[in-house]
Amino acid sequence: MTATPLPHHPVAVVGAGLGGLALARVLHVHGIEAALFDLEGAAGARTQGGMLDIHEDSGQEALRAAGLYEEFLARIHPGGQATRVLDRHGTVHLAEPDDGTGGRPEIDRGDLRALLLGSLPAGTIRWGAKVTDARPLGGGRHRVTLADGTGFTTDVLVGADGAWSRVRPLVSAARPAYTGVSFVEADLLEADLRHPASAAMVGGGMLFALGPGRGFLAHRETDGSLHVYAAVTAPEDWLDGIDFTDTEAAKAPVLKEFDGWDDSLRALVADADGALVPRRIHALPAGHRWDRVPGVTLLGDAAHLMSPFAGEGANLALLDGAELGLALAAAPGDTEAALAAYEARMFRRAEESATDSARSQDLLFRADAPQGLVEMFTGEGD
């Protein structure tokens, strides 16, 4: 009996996050079909949440290449570039309004993702497709197996599947390591109405309230809520000792880390609506790279996971996707040359950004915080 051949996709992308979507969109603009596979059951299977500042020299360039720049501008959050820096006593050290001249407009991650999703032909993404195995077949081709027992083959396999990528082991043995910082995320809903003091303190954009080894990072979202990250320099197992199934009980050990802080800041957790969400911050080594492996590459967090303290992750993922798409479109007869050219550029910028992110982490939580951040924003530390 002859076995039924597996479906074949010339370009297969594992992961329908921002980077994978940007890649598929740029390829589509150039008349190249890509198939995306994502483990989520549907586009709206989970809330995307969070605001992103999209940088002129990376994320915005990617959106221009994707032909979506004007539509992006129509979705940005006016006032979102405002920045406030406070110390642990609630004293304001810096307050900069959003005057519209900055190069990093804010957009809701969900809105940006929806823009990219809506720009792709129907059927581009296979939802509920969890990759369990990927292996080379020779000649640059790969076979990918999915959790439901099905699979496919591909000429170009792209791992856009995040921190714990299933594709990464094809090119690298590296695994993310804990950075020493843990987050507890919280939300204050209808902030102007229900939490007016916190809403005024955060302002229209981003708040940094910092002290030695810890801080509150918060931003206003387009729905009027405040999203808060309580950041703590802590052992990797710190979060394991907190029962996050009991929200009110969980607040106590988190707030204990902020004993002596002003009550207006502690209220960002004490008054939170809904569940608290724990998150350890991991990163790949700065300068992570690999030797060229035929027919496969990585982008975004799969390639260069870094801490969020330089705001580069989403921007690099978008730029990775766009540049990989442009490279493949420019060399239709030489995939290996396209992948090599893409990786050379990506490795250089990722190393620089990862180094900056690690440096920013140290700066935010150093012993004299928030002085380092104030100096960075004002240029006094140059």
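Residues numbered from 1 in each chain as written. Predicted model: local features only at pLDDT ≥ 70, side-chain atom pairs only at ≥ 80, totals over all residues. Heavy atoms only, no water.

Undergrad: Outline helix α7 (residues 247–256), listing residues and values.
TA: Taken together, the buried positions of α7 are T247, A250, K251, V254 and L255. Projection of α7 onto a plane perpendicular to its axis shows the buried side chains occupying an angular sector of 130°, all on one side. At its buried positions, α7 is contacted by β11 (177–188), β14 (226–233), α8 (263–270) and β15 (273–283). (Buried < 20%, exposed > 50% of the residue type's maximum accessible area, 1.4 Å probe, protein only. Helix = DSSP H or I, 4+ residues; strand = E, 2+ residues; numbered from the N terminus. Arc of directions from axis to C-beta. Contact = heavy atoms within 4.5 Å.)

Undergrad: With reference to specific residues and values, describe the sheet that holds β11.
TA: Here we have seven strands laid out as an open sheet, ordered β5-β4-β12-β13-β14-β11-β15, and mixed in their pairing. In the strand order of this sheet, the two ends are held by β5 (92–96) and β15, each with one partner. Strand after strand, the sheet turns through a mean of 15° between neighbouring axes, direction not considered. Both β11 and β15 contribute to a ladder of seven bridges, which runs antiparallel. Bridge pairing links V184 to P278 in β15. Along the sheet, α8 makes contact with β4 (83–87), β11, β12 (206–211), β13 (214–220), β14 and β15, crossing β13 at roughly 70°. The strands that helix α11 (residues 335–364) touches are β11, β12 and β13; relative to β12, the one it contacts most, it runs at about 60°. (Pairing = 2+ DSSP bridges. Axes fitted to C-alpha atoms, helices over the stretch in contact; angles between N-to-C directions.)

Undergrad: So what's going on with the packing of aromatic side chains? Which residues, and what values?
TA: Counted under the stated rule, the structure contains ten aromatic pairs. Taken together, F183, Y229, F309 and F365 form an aromatic cluster joined through their ring pairs. Positioned above the aromatic ring of Y69 is the side chain of R64, whose terminal nitrogen or guanidinium carbon lies 3.8 Å from the ring centre. (Phe/Tyr/Trp six-rings, centres within 6.5 Å; stacked < 30°, edge-to-face > 60°. Lys NZ or Arg CZ within 6 Å of the ring centre and 35° of its normal.)

Undergrad: An account of empty space enclosed by the protein is needed here, citing residue identities and associated values.
TA: Counted under the stated rule, the structure contains one cavity of 30 Å³ or more. In this structure, the largest cavity spans a volume of roughly 50 Å³. L284, P285, A286, G287, H288, A303, H304, F347, A350, E351 and A354 are the residues that line the largest cavity. Residue assignment for the lining of the largest cavity shows that the elements contributing at least two residues are α9 (301–304) and α11. The greatest single-element share of the lining of the largest cavity, amounting to four residues, is contributed by α11. Residues of the lining of the largest cavity, tallied by class, amount to seven nonpolar, three polar and one charged. (1 Å grid on protein atoms, 1.4 Å probe; cavity = no way out; pocket = protein on both sides within 12 Å on 5 of 7 lines; lining within 4 Å. Points joined across faces, edges and corners; volume = space filled by probe spheres on them. Nonpolar A, V, L, I, M, F, W, Y, C, P; charged D, E, K, R; others polar.)

Read these as layout, nothing more, since geometry by itself doesn't imply function.
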